[in-house]
Amino acid sequence: MKYVSTRGQAPVLSFEEAMLTGLARDGGLYLPDTIPTLTPEEIAAFEGQSYEEVAFRVMRPFIGDSFTDGEFREIIARAYAGFGHAARAPLVELAPGHFLLELFHGPTLAFKDFAMQLIGQLFEVALKRRGERVTIVGATSGDTGSAAIEAFRGLENVDVFILFPHGRVSEVQRRQMTTPADANVHALALEGDFDDCQARLKDMFNDFDFRDGVKLAGVNSINWARVLAQVVYYFTSAVALGAPHRKVSFTVPTGNFGDIFAGFIAKQMGLPIDRLVVATNQNDILHRCLSGQGYFKGETIPSISPSMDIQVSSNFERALYYAYDRDSGAVAQLMEELKSGGFTVSQGALQALNETFSSGRVSEEETLATIQATLASSGELLCPHSAVGVKVAEETRVAGTPMITLATAHPAKFPDAVEKASGIRPPLPPRMADLYDRSERVTRIANDLAAIEDHIKGHIAR
Ligand SMILES: Cc1ncc(COP(=O)(O)O)c(C=O)c1O
Ligand SMILES: N[C@@H](CCOP(=O)(O)O)C(=O)O
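The rules we used
Residues numbered from 1 in each chain as written. Chains lettered and ligands numbered in written order. Predicted model: local features only at pLDDT ≥ 70, side-chain atom pairs only at ≥ 80, totals over all residues. Heavy atoms only, no water. Helix = DSSP H or I, 4+ residues; strand = E, 2+ residues; numbered from the N terminus. Rg over C-alpha atoms; globule rule 2.2 N^0.38 Å. Buried < 20%, exposed > 50% of the residue type's maximum accessible area, 1.4 Å probe, protein only. Contact = heavy atoms within 4.5 Å. Areas by Shrake-Rupley, 256 points an atom, 1.4 Å probe, with all protein chains shown as cover. Lys, Arg positive; Asp, Glu negative; His and termini not counted. Charge placed at Lys NZ, Arg CZ, Asp CG, Glu CD. UniProt positions renumbered as here; feature names shortened; annotations may be inferred. Phe/Tyr/Trp six-rings, centres within 6.5 Å; stacked < 30°, edge-to-face > 60°. Pairing = 2+ DSSP bridges. Axes fitted to C-alpha atoms, helices over the stretch in contact; angles between N-to-C directions. Core = buried A, V, L, I, M, F, W, Y, C linked by side-chain atoms within 4.5 Å. Near = heavy atom within 4 Å. Polar contact = N/O pair within 3.5 Å; in protein donor to acceptor, adjacent residues only side chain to side chain. Nonpolar A, V, L, I, M, F, W, Y, C, P; charged D, E, K, R; others polar. Salt bridge = Lys/Arg side-chain N within 4 Å of Asp/Glu carboxyl O.

What follows deals with the overall build of the chain. What the chain contains, in helices and strands, is 19 helices and 15 strands. Relative to its length of 462 residues, the chain is compact, with a C-alpha radius of gyration of 20 Å against a globular reference of 23 Å. Its C-alpha atoms put the chain at 60 × 50 × 50 Å along the principal axes. For the chain, the residues scored as buried account for 64% of the 462 residues in total. Long-range contacts, defined as pairs at least 24 residues apart, comprise 75% of the intrachain contacts of the chain with a sequence gap of at least 6. A total of about 16300 Å² of accessible surface is found on the chain, and carbon and sulfur atoms cover 48% of it. Positive and negative side-chain charges of the chain, numbering 43 and 57 respectively, have mean locations separated by a distance of 2 Å.

Further remarks concern the UniProt feature "domain: Threonine synthase N-terminal" (unreviewed entry) in the chain. Mapped onto this numbering, the UniProt entry gives "domain: Threonine synthase N-terminal" (unreviewed entry) at residues 2–80. Taken end to end, residues 2–80 is 47% helix and 8% strand, and its two terminal C-alpha atoms sit 27 Å from one another.

Our focus in this paragraph is unusual backbone geometry. Omega for the peptide link from A243 to P244 comes to 5°, which places this bond in the cis form. Within the secondary structure, P244 sits in the loop between helix 10 (224–240) and strand 9 (248–253). Even without being a glycine, L109 presents a positive backbone phi close to 70°. Here L109 is to be found in the loop between strand 4 (98–102) and helix 5 (112–130).

Counted by the stated rule, this structure contains 24 aromatic pairs. Between F123 and F152, the ring centres sit 5.4 Å apart and the planes meet at 85°, which makes this aromatic pair edge-to-face. Taken together, the residues span a long stretch of sequence, with F123 in helix 5 and F152 in helix 6 (residues 143–152) at a distance of 29 residues. Residue classification places F123 among the buried positions, given a relative accessible area of 0%. Relative to F343, the ring of Y295 lies with its centre 5.1 Å away and its plane at 20°, an arrangement referred to as stacked. In this pair, Y295 is assigned in strand 11 (residues 295–296) and F343 in strand 12 (residues 342–343), connecting sequence segments 48 residues apart.

Spatial strand order, 8-5-6-7-15: five strands in an open sheet with parallel pairing. Either end of the sheet is taken by a strand with one partner, and the two such strands are strand 8 (216–217) and strand 15 (443–445). The pairing of strand 5 (residues 134–139) with strand 8 spans two bridges and is parallel. Paired with T135 across the strands is L216, a residue of strand 8. In the packing of helix 5 onto the sheet, contacts are made with strand 5, strand 6 (158–165) and strand 8, and the angle to strand 5 comes to roughly 155°.

This paragraph deals with the nonpolar core. With 118 residues, the main nonpolar core has F123, F152, Y234 and F235 as its most contacted residues. If one sorts the elements of this core by residue count, helix 10 sits on top with twelve residues. Residue contacts for F235: discarding those within four places in its chain leaves L38, I43, F46, V54, V58, A266, M269 and L271.

This brings us to the site of ligand 2. Within the structure, ligand 2 sits among 14 residues, and T140, T144, N220, S221 and N256 are positioned closest to it. Separating a nitrogen atom of ligand 2 from a backbone N or O atom of S307 is a distance of 2.8 Å. Protein contacts shield 95% of the accessible area of ligand 2, which totals 340 Å² for the unbound molecule. Class assignment of the residues belonging to the shell around ligand 2 gives a composition of three nonpolar, eight polar and three charged.

Looking now at the site of ligand 1. Near ligand 1 you find 15 residues, and of these K112, D143, G255, N256 and T408 are the closest. A distance of 2.8 Å separates an oxygen atom of ligand 1 from a polar backbone atom of G255. Interatomic distance of 2.7 Å between a backbone N/O atom of N256 and an oxygen atom of ligand 1. Computed on the free molecule, ligand 1 has an accessible area of 380 Å², of which 97% lies beneath the protein chains in the complex. When grouped by side-chain class, the residues that make up the shell around ligand 1 number five nonpolar, seven polar and three charged.

This part takes up the environment of P96. Tracing the chain through its elements places P96 in the loop between strand 3 (91–95) and strand 4. On the accessibility criterion, P96 (71% relative accessible area) is exposed.

A separate point is the side chain of Q117. Mapping Q117 onto the fold places it in helix 5. Among residues more than four places away in sequence, those in contact with Q117 are A79, F83, P107, E150 and A151.

Moving on, we come to the environment of T140. Turning to its location among the elements, T140 is positioned in the loop between strand 5 and helix 6. Since its relative accessible area comes to 1%, T140 is described here as buried. When the C-alpha atoms of T140 and L163 are compared, they prove to be 6.2 Å apart, with 23 residues separating the residues in sequence. If we skip the residues at most four places from it in the chain, T140 touches G145, I162, L163, F164, P165, M177 and F194.

Quick look at the pattern of salt bridges now. Tallied over the full model, the rule gives 30 salt bridges. A salt bridge links E53 to R57, with the nearest nitrogen and oxygen atoms 2.8 Å apart. Remark: R57 and E53 occur in helix 3 (residues 51–63); sequence separation between them is four residues, near one turn of the helix. Its relative accessible area of 17% is what places E53 among the buried residues. Here R57 falls in the partly exposed class, since its relative accessible area comes to 30%. A salt bridge links D182 to R153; the nearest nitrogen and oxygen atoms lie 3.2 Å apart. Of this pair, D182 sits in the loop between helix 7 (171–178) and strand 7 (185–190) while R153 sits in the loop between helix 6 and strand 6, placing them 29 residues apart in sequence.

If you want it as structure tokens, here you go:
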């Protein structure tokens, strides 16, 4: 299995190389050269299997010879052993035909754990075998950072630096990043918003002296392995509702487009998905774009669903690559135009996107009202991101096709918004009940590439 860049000018890599590389050297994102497919019989056979078994069967064709079957099975087993629910990703019925896929039973209470716990183990095995050490730098609006720190803390061959927007993450998210005492993990509070964090991260990848000097690696969803791990729960949930014998749709609270792009891959692999619905908060660049208004950056407005406060949605580049019929030159040109504000999507590409993706936008008031209404109607307490998804799903779902909304975080990660909406302050699970008592370790840093690079060079283990 070979991996190619969306911009067509970077070396073709194996799965392991693409995973350890992160961003392609031409600034693009890696994708498999061909997407393996599963037959309806193979998909039907997932019924009744454990999450780990389905994970193995779905991801194995993408791994090539990077890991043996035995290694890969052990890695998967270790990755999900610490989850707080036997099903890993349980499905609950919110209303007839509308289901919630709970993705928040991992160690940091967000869907990021599904991929991050896996790639922590994959990095560990690959780096030990190669005798290499890497420096992971991540950008986060709150959840990727905490999941990465949890997955990589204490591992021998990695230093981890996480850039988060100062003052724009919830207290639980911040504390999950700043309280681990392990010497190899570092939380950096950047003066800016998430888009600044992600832009500086990409600048670091494009600064080849720095990149090669510190052996830079990335664990944001620019990393293909992150997307791949998220494909699995589309299969487990759809099969639980009757796939491949009937179609299902998904609504996905969306920011960086990684999670919903995993759904797109599941569909390409043969899972009968009808619609993939993008749900955005007031930072609605994706909704505007899919509605035909072009992809133009606005100002990021802080919201009560802060993990989705994103304007430049990294993985949309991957969707554009397919919408433009794998024309890497066209993608490179669009990304060049994005540097000066945005671009218009061609009619053909927009039509291709609309064949699979729908979208909706949810205001702050509607988010609060959805938390309240869902609690009253089903007893389910939603986090604000999941509420954005549920609201859009209610507006777009059609009779006869089950709708699965992804619940991307635990309500206890966002207690202020949840309490405001419902009057209930959700408690943290017992294993992290002392989070507010632990001491924090964090460095405030300017939104300045040189300052960030100097800090990292000064703090990596020699
Ligand atoms: C809780 C939560 N919901 C939704 C999202 C959006 O997911 P994606 O960036 O994959 O679109 C994020 C951030 O990624 C998140 O942390
Ligand atoms: N919402 C994310 C933003 C980064 O997304 P990623 O999937 O590209 O890592 C976060 O919580 O950090």
